[in-house]
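Chain residues, written in single-letter form:
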Amino acid sequence: MSFASITDFENALANLPPAEELASTAARARQAELTKPLGALGRLEDVAIFMASWQGRAVPRLKRARAAIFAGNHGFTVHGVSAYPAAVTAQMVANFAAGGAAINALAGVAGLELAVRSIDLDRPTADFTIAPAMTEEECLTALSIGAAAAEEDLDLLVVGEMGIGNSTAAAALSARSFGGNVSDWVGPGTGVDGEGIARKIATIDRALAFHADAPDGAFETLRRLGGRELAAIAGAVLRARQLGVPVLLDGFISCAAIAPLVAQVPAFADHCLAGHCSAEPGHGLLLERMGLEPLLRLDMRLGEGSGAAVAANIIRAAVAAHAGMATFAEAAVSTAT
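Throughout this description, residue numbers start from 1 for each chain and increase along the sequence as written. A pLDDT threshold of at least 70 governs which residues receive local features in this predicted model, and a stricter bar of 80 or more applies before side-chain atom pairs are shown or counted, although totals over entire chains, interfaces and linings include all residues. Processing note: side-chain calculations cover all non-hydrogen atoms of the structure and skip hydrogens and water entirely.

Caption draft 1: Molecular detail of the overall build of the protein. Runs of H or I in DSSP of at least four residues are treated as helices and runs of E of at least two as strands, each being numbered from the N terminus. Looking only at helices and strands, the protein features 15 helices and 5 strands. The C-alpha atoms of the protein give 20 Å as radius of gyration, which agrees with the globular expectation for 337 residues (20 Å, within 12%). When its C-alpha atoms are laid out on the principal axes, the protein stretches across 70 × 40 × 35 Å. To sort residues, take the accessible area from a 1.4 Å probe on protein chains only and compare it with the maximum for the residue type: under 20% means buried, over 50% means exposed, and anything in between is partly exposed. Looking at the protein residue by residue over its 337 residues, the buried ones come to 54%. Pairs of residues are marked as contacts when any of their non-hydrogen atoms sit within 4.5 Å. Long-range pairs, those at least 24 residues apart, make up 80% of the contacts in the protein with a sequence separation of at least 6. Working definition of accessibility: Shrake-Rupley area with a 1.4 Å probe, residue cover restricted to the visible protein chains. Per element, the accessible surface of the protein, about 12,900 Å² overall, is 53% carbon and sulfur. Counting 24 positive and 35 negative side-chain charges, the protein places the centres of these two groups 3 Å from one another. For the radius of gyration, the atom set is restricted to C-alpha positions; the globular benchmark scales as 2.2 Å times the number of residues to the power 0.38. Under the counting rule used here, the positive set is Lys and Arg, the negative set is Asp and Glu, and His together with the chain ends is not counted. Where a charge lies is defined by one atom per residue type, namely NZ (Lys), CZ (Arg), CG (Asp) and CD (Glu).

Caption draft 2: Looking closely at the UniProt feature "active site" (unreviewed entry) in the protein. UniProt positions are given in the numbering used here, feature names are shortened, and annotations may be inferred rather than shown by experiment. Here, the residues flagged by UniProt with the feature "active site" (unreviewed entry) are Glu304. Looking at the secondary structure, you find Glu304 in the loop between helix 13 (281-290) and helix 14 (306-324). Once you skip the residues sitting within four places of it in the chain, Glu304 turns out to touch Ile69, Met92, Phe96, Ala101, Ala102, Ile103, Gly160, Glu161 and Asp250. Within the structure, the side chain of Glu304 is placed 3.3 Å from the backbone nitrogen of Ile103, a separation counted as a polar contact. Pairs of N or O atoms within 3.5 Å make up the polar contacts considered here, provided that, within protein, one atom can donate a hydrogen while the other can accept it, and that residues adjacent in sequence are counted only when both atoms are side-chain atoms.

Caption draft 3: Layout of the side chain of Ser82. Mapped onto the elements of the fold, Ser82 is located in the loop between strand 1 (65-71) and helix 4 (87-98). The exposure class assigned to Ser82 is buried, which follows from its relative accessible area of 18%. At 3.1 Å, the side chain of Ser82 forms a polar contact with the backbone nitrogen of Tyr84. At 3.4 Å, the side chain of Ser82 forms a polar contact with the side chain of Thr190. Other than its neighbours up to four places away in sequence, Ser82 contacts Ile164, Gly165, Thr190 and Val192.

Caption draft 4: Molecular detail of the pattern of salt bridges. Salt bridge criterion: a side-chain nitrogen from Lys or Arg within 4 Å of a carboxyl oxygen from Asp or Glu. One pass over the full model with this rule turns up 15 salt bridges. A salt bridge links Arg228 to Asp120; the nearest nitrogen and oxygen atoms lie 3.8 Å apart. With a gap of 108 residues between them, Arg228 in helix 11 (residues 228-243) and Asp120 in the loop between strand 2 (113-118) and helix 6 (136-147) connect regions that are remote in the sequence. Asp120 gets classed as partly exposed once you look at its relative accessible area, which sits at 33%. A salt bridge links Arg228 to Glu138; the shortest N-O distance between them is 3.5 Å.

Caption draft 5: Seen up close, the nonpolar core. Ranked by internal contacts, the top residues of the largest apolar core, which has 70 residues, are Leu143 and Leu157. Not counting residues up to four positions away in its chain, the partners in contact with Leu157 are Arg66, Ala68, Ala149, Ala150, Ala236, Ala240, Val245, Pro246, Val247 and Leu248. Judged by nonpolar contacts, the second largest core, of 34 residues, contains Met51, Ala71, Phe96 and Leu156. For the purposes of this section, nonpolar cores are sets of buried Ala, Val, Leu, Ile, Met, Phe, Trp, Tyr and Cys residues that join through side-chain atoms within 4.5 Å.

Caption draft 6: How the structure looks around the pairing of strand 1. Among the 7 residues in strand 1, 7 count as buried, and that is most of the element. Judged by which residues are buried, strand 1 turns out to be covered on both faces: Ala65, Ala67, Ile69 and Ala71 on one side and Arg66, Ala68 and Phe70 on the other are all buried. Where strand 1 lies against strand 3 (residues 156-162), 7 bridges are found, and the strand directions are parallel. Bridge pairing links Ala65 to Leu156 in strand 3. Two strands pair under a simple rule: DSSP has to find at least two bridges between them. Note that strand 1 and strand 2 share 6 bridges and pair parallel. Bridge pairing in strand 2 places Ala67 opposite Leu114.

Below is the structure:
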C-alpha cells in the first residue's frame, strides 16, 4: 500500500473502518464470565476489549507485535532549537542497529520486533520558517514508507521516532492543529535551557506566520510543518487503521504526528492507545485534545518508542488475562447473586 497521490491520502482518511462491534460485544460478555468480580482488573479489561474490537476477535491475540521507528532530519535546526547537533540522528540509528539503545532493550522485553527506517538523513527537510518542510512528493513518499510498516498479520503496531529537533516540529504541528499559545506546546525536548525554549517558540512563531494562509487540512499541515519521520508515523497509523491493526502511540512527537489527522477527522485516533504521558509539557495537553488516556505516567521523555514499548507489557497482561482466565462455569465457581 502506498499513497501515490494526495487524493489517495484524503480518501483513506475519509473512509476509516470502524471497530468491530460484534467482537466488542463478545469480549465484554467474556469479561463478565471470567472468575473475578466485573471490573476487578480495571483498565486491563478495557484494554482487552479495545484489542478485541479492533482485531475483530472476541479473544484478541498478541502473537506478532512490531515497533516501527522512523528517523528524519530537519532544516530548522539551524535556529538552535536542540541541545544536540543533527548528526546525532544518524549516530543513534547506528546505535539502534548495534542493539545499544533503550528501545532495543525495551522492545526485547516486550516481545516487539524492531523495525527502524531512516528517511533521507543526509537531506534534511527545508527550514519551515521560510518554506514548506517537504514538497508534496516528499510528503507522499514518507507517508508511504510509514504505511509499509503496517502489515495485515500484525496484532499491534507501536510507533516511535528519532530526529534531532523534532519536538519543535511536534509543537508546531500541535499548535496549528489545535490552536492555543505556542508556549503551551513547547518544552525542553532534549534538554535545552530557557534561552533554547525561547528560540523554539520564536522559530515556531515564524513558521506559523509564514504558513498562516496555507490550506489547513491534514496533508498540508504535515508537509509544511512536519518532517519525514513524522509523516511516516502518520502513514503507518493510517494504514494500520485500514488493516484493523491496533496502534500504541509513544510520546509527544508520535502523537503530534497524527494531530493534523485527528484535527481533520476526530475519530482518527479511535484505534490508538496512548502508551504513556511524557514529561514534555505539551504531551498532556495533546492527549486531552485527542481524547486519549495514557496507560503510564513515568516522566519519560526519550522518544524512540520507549514509553510505548514499556506500555506494551501492560497490553500483553490484558490480553493474557482475557484469554487465559477460566470462566465461572469452567472453574465451577459460583457467580455473584
